[in-house]
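# Residue-level structural notes
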Amino acid sequence: MNSKVKGILQILLILLVTAALGAVAYVGVGEGHWGSAKNIRLGLDLAGGVSVTYEATKDNPTAQEMSDTVYKMQKRVENESTEASVYQEGKNRVTVDVPDVDDPQAVLDKLGKAGALEFVLYTDCTITDDKTATYDKDKVLMDGSMISTAEATTQQKSATGLSENVVKITFTGKGAKKFGKITSEHVGEQLAMIYDGKEVSSPNIESAITDGVAIVSGNFEKFSDAEEMASTLRIGALPLELKNIRSNIVGAKLGVTSLETSLWAGVVGFILVIIFMIVMYRVPGVAASLALVLYVAATLFALNGLGVTLTLPGIAGVILAIGMAVDANCIIFTRIREELATGKTVRSSIKIGFEKALSAIIDGNVTTLIAAVVLYIKGSGTVMGFAQTLAIGIILSMFTAIFVTRCLLYGFVEIGLDSASLFGVQKERKTINFVGNSKKYIVISGVLFLLCIGGLIANKVRTGQILNYSLDFMGGSSTSVTFEEGTNGFDGSGNASDEFKNEVTEAVKASAGVGDAEISDVAGERTLIVRTTDLTEDQQKQVVADLGSKYNVTKDNIEIETISASVSNEMKSDAIVAVVIAAICMLIYIWIRFKNLAFGASSVLALIHDVIVVLMVYAVGSAFISVGSTFIACMLTIVGYSINATIVVFDRVRENRKAAGSRADVAQIVNDSITQTLGRSINTSITTLIMVLVLAIMGVDAVRQFAIPLIAGIISGCYSSVCLAGTVWFFMNKKMKKRAKTDKA
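Here the structure is a predicted model, which is why all the values come from computation and not from measurement.

## With respect to the overall build of the protein
Check the secondary structure of the protein and you find 22 helices and 19 strands. Taken across its 745 residues, the protein has 53% of its residues classed as buried. Sequence-distant contacts, at least 24 apart, represent 77% of the contacts inside the protein between residues at least 6 apart. Here the protein displays about 33300 Å² of accessible surface, and carbon together with sulfur accounts for 58% of that area.

If you want it as structure tokens, here you go:
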């Protein structure tokens, strides 16, 4: 096989794989359309629905009690939505998510009511084929509150001696007396056990049971069948009292709007990144663009295949990862151009370029992955969704950059695209004295630090809070209403008048029966957000009904979220702990990889600088940027991005230092290394900025609140990795060496 045919086959193989993944992402595989992007599970903020978190009022509930609670809630909501999920959070909380429902408020009402287990004579009720039972309530003989516990076990049949699965029911003191009386009076009859209107079992009463322990036998082919019935009986009267500490109602129409605008932002940003890569890198840019298409198709396939629930921040994570996915390509292409500048052939330059870029790519992506893992562990809900999509993006981007781009580049060379001019040759660049300009950088960073402190103090004086905390960090209820086009009170651009804002505020206060409320608007979107103290479920229902009738607003356009103060305080502490954990883990990783504590310490100092810059944006821009759940995601994304950029510089410092020998001028090595990686640092920042800028411009307000601080963080990350990290390492390393010499002396 000649080289040209081989090159064509390589390129065709990649194109076929890309087309196949794209087809699966669009259509799916099999009857259930597995892998289809259309089947990706959507979170509440995209599909609409209701989410409620309950907390047990009992201190230290047992694992069995919590397990029963989860089971009960799952049974309660499974008929509302096939995508409903119930899961335990921590030791004493249960969260119920029910997306894609027509009437979220009605679902919330149902969740708030306790289940009912009732005992009725079989002859006093009518039971259909689907186990639905109807009966007069005055026929109820006793209820589930009289059951102490129920457990699955086995016993020997008296007639045959064979083992059988049974359910052992133990009654309370009062229940034992009541059950003894019932069984004594109805020997030979069937006693139906009805849970939430469904028949659980209708065993025969063979004899009077007066010791408070009953055995239900028969028809339990599997032990798990007996366990399921025992669990249902245990939760008939739940031993735990639950209180609603967080609830969120999202209208379906609001979710659709968020999804559409975010997807369009992704498409526009994707096209712009491809144009940039081709213009900047020529043939390698084409290879990177094709690899990026495969990456997007693989990401969509993975989201469905792994059952990831896609949220609004999750979409932001995918879009952000597209910008970051070309980072590895930028590192590789810079290396290839440097090898071409030394006179090597294109084929040889590709081989050496990939080899030299590998360590920086792995180290940079692993540190970003650390941030994603910490986010997943410390986050919840939408933040967890962001962490999942970011982690998937990191792993897939590494694969496409290292393997797919390499295969395409060799394929292009084989078909004759082997001219150095098609790849670009690195031009000689005058070394910039970054170490010598360190004082200037300190002054710039100092000014930013003072702006941050000043903004925090000003906010404290003006509002009593150092930052504009959203509902997530303050607790309370938030009612978001999107009005129909043409509603009186809005101008042609969709901005509300002060009079209309006051009117809506008073309407919410009157409906909820509260004395205080704050209102804000989403510019240009005919959306008003009213914040109040915690609203009960009845108050929420009343607000939705009153606003709907007064302003002709459908339920799909009203979103209500309630968070207790205890939850919001936890989110504040989680934000701090998450950043600290991520920083420590990264410090340890870099220390081990670079075998030099100065590298790790200076990297962490650079990322702390970037965190302060982002905090400054939140402080100075508090009038239009709030600190909410995505604050954690934003900070940790910047931490990962900052470390990624710094590692590329440090990888080059390590390489140049090894080549120059121990007697070389370390300051010159640092200056040369930063200058050599400057193009990559700028280009990577530009591609990521393109994606985030499009999100900020085209995204809905929730995404915009996330994107604007990210823009500042990306710019700061580029600045700190170029101007601060290397110079800080130089002085820190110099001081460590001096101290080591003093200790020896």
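## Considerations on the sheet that holds strand β10 (residues 163-171)
The antiparallel open sheet is built from three strands, whose spatial order is β9-β10-β13. Both outer strands of the open sheet, β9 (147-156) and β13 (213-217), are each paired with one neighbouring strand and no more. Direction aside, the axes of adjacent strands within the sheet are offset by 25° on average. The sheet contact formed by β10 and β13 spans five bridges and is antiparallel. Residue T170 lies in a different strand from β13, and its bridge partner there is V213. Packed on one face of the sheet, helix α6 (residues 223-234) meets β9, β10 and β13 and runs near 165° to β9.

## Looking at unusual backbone geometry
Residues other than glycine seldom take positive phi values, yet K131 does so here, at roughly 75°. Positionally, K131 belongs in the loop between β6 (125-127) and β7 (133-135). For R282, which is not a glycine, the phi torsion comes out positive at approximately 60°. Considering the arrangement of structural elements, one finds R282 in the loop between α7 (252-281) and α8 (283-305).

## Looking at the pairing of strand β12 (residues 198-201)
Pairing between strand β11 (residues 191-195) and β12: three bridges, direction antiparallel. Within the sheet, the bridge partner assigned to I194 lies in β12 and is E199. Counting the residues in the hairpin turn of β11 and β12 gives two residues, including D196, whose phi is positive at 50°.

## Details of the environment of Y589
With respect to the secondary-structure elements, Y589 resides in helix α17 (residues 565-594). Between the C-alpha atom of Y589 and that of V366, which follows or precedes it by 223 residues, the distance is 8.9 Å. When residues no more than four places from it in sequence are discounted, the contact partners of Y589 are I362, D363, V366, T367 and I370.

## Digging into the pairing of β9
Where β9 and β10 come together, nine bridges link them in antiparallel fashion. When the bridges of β10 are listed, T153 appears paired with V166. Where β9 folds back on β10, the antiparallel hairpin that results is connected by six residues, among which G161 adopts a positive phi of roughly 80°.

## With respect to the pattern of salt bridges
This structure, assessed with the given rule, holds 16 salt bridges. For E414, the salt bridge is made with R347, and the minimal N-O distance between the two is 3.1 Å. Residue E414 is found in helix α11 (residues 382-414), and its partner R347 is found in helix α10 (residues 346-378); the two are separated by 67 residues along the sequence. In this structure, D651 engages R654 in a salt bridge whose closest nitrogen and oxygen atoms are separated by 2.8 Å. Of this pair, D651 and R654 both sit in helix α19 (residues 630-660), three residues apart, which is roughly one turn of that helix. On the basis of relative accessibility, which here comes to 25%, the residue R654 falls in the partly exposed class.

## Observations regarding the nonpolar core
Core analysis: the largest hydrophobic core is formed by 82 residues, its most contacted members being M586, Y618, L636 and W729. Counting residues per element, this core draws most heavily on helix α22 (residues 701-744), which supplies 15 residues. Setting aside chain neighbours within four positions, we find M586 in contact with T367, I370, A371, L607, V639, G640 and I643. By size, the runner-up hydrophobic cluster in this structure holds 48 residues, among which are M277, L408, F423 and I690.

## Remarks on a nonpolar patch on the surface
Residues W264, V267, V268, I271, L272, I275, V279, L693, I697 and M698 make up a contiguous nonpolar surface patch of roughly 930 Å² in combined accessible area. Elements with a contribution of two residues or more to the nonpolar patch: α7 and α21 (678-698). Per-element accounting of the nonpolar patch gives the leading share, seven residues, to α7. Mapped onto the fold, V279 is located in helix α7.

## Thoughts on the packing of helix α13 (residues 438-463) against helix α18 (residues 597-620)
Two elements in contact, α13 and α18, have axes separated by 8 Å at closest approach and are oriented at 40°. Our classification of the angle between α13 and α18 gives oblique. Of the two possible hands of crossing, α13 and α18 adopt the one that is left-handed. In this structure, α13 contributes S445, L448, F449, L451, C452, G455, L456 and N459 to the contact, and α18 contributes H609, I612, V613, L615, M616, A619 and V620. Its residues assigned to classes, the contact of α13 with α18 shows 11 nonpolar, four polar and no charged.

## Things to note about the packing of helix α1 (residues 3-26) against α8
A pair of packed helices can be characterised by two numbers: the angle between their axes and the separation between those axes. Close contact between α1 and α8 brings their axes to 9 Å; oriented N to C, the two are set at 35°. Read as a crossing pair, α1 and α8 show a hand that is left-handed. Contacts between α1 and α8 involve I14, L15, V17, T18, L21, G22, V24 and A25 from the former and L290, V293, L294, A297, A298, L300 and F301 from the latter. Tallied by class, the residues present in the contact of α1 with α8 amount to 13 nonpolar, two polar and no charged.

## A look at helix α20 (residues 666-676)
Of all 11 residues in α20, eight are buried; the element is thus mostly enclosed. Those residues of α20 not exposed but buried are V666, A667, I669, V670, N671, S673, I674 and T675. Capping the start of α20, D665 holds a side-chain oxygen 3.1 Å from the backbone nitrogen of A667, two or three residues further along.

## Focus on the environment of L451
One can find L451 in helix α13. For L451, a relative accessible area of 44% puts it in the partly exposed group. Taking the C-alpha atoms as reference points, L451 and A619, 168 residues apart in sequence, are found 8.7 Å from one another. Non-local contacts of L451, meaning those with residues more than four positions away in its chain, are made with M616 and V620.

## A look at the sheet that holds strand β5 (residues 117-121)
Strand-to-strand pairing in sheets goes through backbone hydrogen bonds, with the strands running parallel or antiparallel. Read from one edge to the other, the open sheet built from four strands follows the order β8-β5-β11-β12, with strand pairing classed as antiparallel. Here the strands that pair on one side only, and so sit at the sheet edges, are β8 (142-143) and β12. Pairing of β5 with β8 involves two bridges; the strand directions are antiparallel. Looking at β8, one finds that F119 is bridged to M142.

## Considerations on the side chain of T334
Relative to the elements of secondary structure, T334 occurs in helix α9 (residues 312-341). Note on T334: relative accessible area 9%, which makes it buried. At a separation of 2.8 Å, a polar atom in the side chain of T334 contacts the main-chain carbonyl oxygen of C330. Contacts of T334, omitting those with residues within four sequence positions, involve Y281, Q426, Q676 and R680.

Conventions and cut-offs
- Residues numbered from 1 in each chain as written.
- Predicted model: local features only at pLDDT ≥ 70, side-chain atom pairs only at ≥ 80, totals over all residues.
- Heavy atoms only, no water.
- Helix = DSSP H or I, 4+ residues; strand = E, 2+ residues; numbered from the N terminus.
- Buried < 20%, exposed > 50% of the residue type's maximum accessible area, 1.4 Å probe, protein only.
- Contact = heavy atoms within 4.5 Å.
- Areas by Shrake-Rupley, 256 points an atom, 1.4 Å probe, with all protein chains shown as cover.
- Pairing = 2+ DSSP bridges.
- Axes fitted to C-alpha atoms, helices over the stretch in contact; angles between N-to-C directions.
- Salt bridge = Lys/Arg side-chain N within 4 Å of Asp/Glu carboxyl O.
- Core = buried A, V, L, I, M, F, W, Y, C linked by side-chain atoms within 4.5 Å.
- Patch = residues over 30% accessible without salt bridge, like charges linked within 9 Å, V, L, I, M, F, W, Y side chains within 5 Å.
- Parallel < 35°, antiparallel > 145°, perpendicular 65-115°, else oblique.
- Left-handed = near helix turned anticlockwise from the far one by under 90°.
- Nonpolar A, V, L, I, M, F, W, Y, C, P; charged D, E, K, R; others polar.
- Polar contact = N/O pair within 3.5 Å; in protein donor to acceptor, adjacent residues only side chain to side chain.

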